[in-house]
Amino acid sequence: MRDTDLAWAAGIIDGEGCIDISLRQGRYAQLDVSVVNTDPRLLLRLRELFRGSVHHRPHQTSRPRHRMTWRWTIVSRQAETFLRQVRPYLVIKQEQADIALAMRKTMRIREGHGRTNYPLSPAEQVAQMWFRRQMRDLKHCEGAAQPIEVPTCGPSAQVELGL
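Since this is a predicted model, take the numbers as computed values, not measurements.

**Student:** Sorry, what's going on with the confidence of the model for the protein chain here?
**Tutor:** In the predicted model, the protein chain carries a mean pLDDT of 81, and 74% of its residues have values of at least 70. Mean pLDDT across the secondary structure elements of the protein chain bottoms out at helix α6 (residues 155-160), with 45, and peaks at helix α1 (residues 3-16), with 97. Considering only residues more than four positions removed or in separate chains, one finds that residues 154-163, a stretch of pLDDT under 50, has 13 contacts.

Take a look at the structure:
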C-alpha cells in the first residue's frame, strides 16, 4: 500500500468518516469504520484499497431535494487492520482510532472460528462497555481524550462504570 493512499484515506476518515464501537446482538462490541458520501466513486475507491462493502442508503422522502447517499463500511478485523494502516496520518480522529484499537486488543478470537460473537465473561463485558463509553465521551466533548487506561474488571470496576 502506498503512503499516498494511506494519507488520502486518513483525510477522508478525518473529514467524512465515523469510527465507532457498536453493540452487536446485545452481547459483544464490534469495531465499525464507515464513510457516507453522495459520490459513490469515493467509496468504491476505499473498497478497492481496503475491502469492506458499499451500499446506497434509502432516500429520505421527507427531504426529496437531497441527493442519494452511499455508505462504505468495514468492520472487525478488517477495520482494525485499516485503522492501524491509516493511524499515523489521522489528525482529528487519532484518539478515536486509539480507543478502537485498544478495544480490539481485549477481544479473544474463538479457536478455529475466527469469530468473536461468543458469550462474553462479565469482565469482558465490563471492558467492552468501558471502551464504548470512552468513545461516546470523546465524541461528545471538545479537545483530546485522556490517555487510555483499561480498568480492572472486578466488581469495583462495574460500580465505577455504572454497570
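**Student:** Looking at this structure, I do not really get the packing of α1 against helix α2 (residues 40-50). What am I missing?
**Tutor:** Between two packed helices, the angle of one axis relative to the other and the distance separating the axes together describe the packing. As a packed pair, α1 and α2 sit with axes 11 Å apart at the nearest point and diverge in direction by 130 degrees. Here α2 runs oblique to α1, going by the angle between their axes. By crossing handedness, the relation of α1 to α2 is classed as left-handed. Within the contact between the two elements, α1 uses D5, L6, W8, A9 and I12 and α2 uses L42, R45, L46, L49 and F50.

**Student:** Looking at this model, I keep getting lost on the pairing of strand β4 (residues 69-75). Mind explaining?
**Tutor:** Along any regular strand, the residues point their side chains to alternate faces of the sheet. Sheet analysis places strand β2 (residues 28-37) next to β4, joined by 6 bridges and oriented antiparallel. In the sheet register, V33 faces β4, and the bridge partner there is I74. Looking at chain direction, strand β3 (residues 53-57) and β4 are connected through 5 bridges and run antiparallel. Within the sheet, the bridge partner assigned to R57 lies in β4 and is T69.

**Student:** What's the story with the pattern of salt bridges in this structure? I'm lost.
**Tutor:** Two side chains that carry opposite charge are able to pair once their charged atoms sit near each other. All told, the structure shown has 9 salt bridges when counted by the stated rule. A salt bridge links D137 to R136; the shortest N-O distance between them is 3.2 Å.

**Student:** So what exactly am I meant to see when it comes to the side chain of K93 here?
**Tutor:** Examined against the element boundaries, K93 turns out to sit in the loop between α3 (76-86) and α4 (94-105). No salt bridge is formed by the buried K93; the nearest opposite charge belongs to D14, separated by 6.1 Å. If near-sequence neighbours (up to four positions away) are discounted, K93 is found in contact with I13, D14, G17, C18 and I19.

**Student:** Would you take a moment to explain the side chain of E80 for this structure?
**Tutor:** Mapped onto the fold, E80 is located in helix α3. Look at E80 and you get buried, because its relative accessible area is 15%. At 2.9 Å, the side chain of E80 and the side chain of R84 are in polar contact. With residues up to four places along the chain from it excluded, the contact list for E80 reads L31, L101 and R104.

**Student:** Please explain the sheet that holds β4 as it appears in this structure.
**Tutor:** The pairing of strands in a sheet comes from backbone hydrogen bonds and takes either a parallel or an antiparallel form. The strand order across the open sheet formed by 4 strands is β1-β2-β4-β3, and the pairing between neighbours is antiparallel. The sheet terminates laterally at β1 (17-24) and β3, the two strands that pair on one side only. Ignoring strand direction, the axes of neighbouring strands in this sheet form an average angle of 30 degrees. Against the sheet, α1 touches β1, β2 and β4, its axis set at about 95 degrees to β2. The strands that α2 touches are β2, β3 and β4; relative to β4, the one it contacts most, it runs at about 20 degrees.

**Student:** Honestly, unusual backbone geometry in this entry has me stumped. Any pointers?
**Tutor:** Residues other than glycine predominantly adopt negative phi, and peptide bonds predominantly adopt the trans conformation. The phi angle at R51 is positive, at roughly 75 degrees, despite the residue not being glycine. By secondary structure assignment, the location of R51 is in the loop between α2 and β3. For R51, a relative accessible area of 56% translates into the label exposed. A positive phi angle, near 55 degrees, is found at S76, a position not held by glycine. Secondary-structure assignment places S76 in helix α3.

Cut-offs applied
- Residues numbered from 1 in each chain as written.
- Predicted model: local features only at pLDDT ≥ 70, side-chain atom pairs only at ≥ 80, totals over all residues.
- Heavy atoms only, no water.
- pLDDT = per-residue confidence, 0-100.
- Helix = DSSP H or I, 4+ residues; strand = E, 2+ residues; numbered from the N terminus.
- Contact = heavy atoms within 4.5 Å.
- Axes fitted to C-alpha atoms, helices over the stretch in contact; angles between N-to-C directions.
- Parallel < 35°, antiparallel > 145°, perpendicular 65-115°, else oblique.
- Left-handed = near helix turned anticlockwise from the far one by under 90°.
- Pairing = 2+ DSSP bridges.
- Salt bridge = Lys/Arg side-chain N within 4 Å of Asp/Glu carboxyl O.
- Buried < 20%, exposed > 50% of the residue type's maximum accessible area, 1.4 Å probe, protein only.
- Lys, Arg positive; Asp, Glu negative; His and termini not counted.
- Polar contact = N/O pair within 3.5 Å; in protein donor to acceptor, adjacent residues only side chain to side chain.

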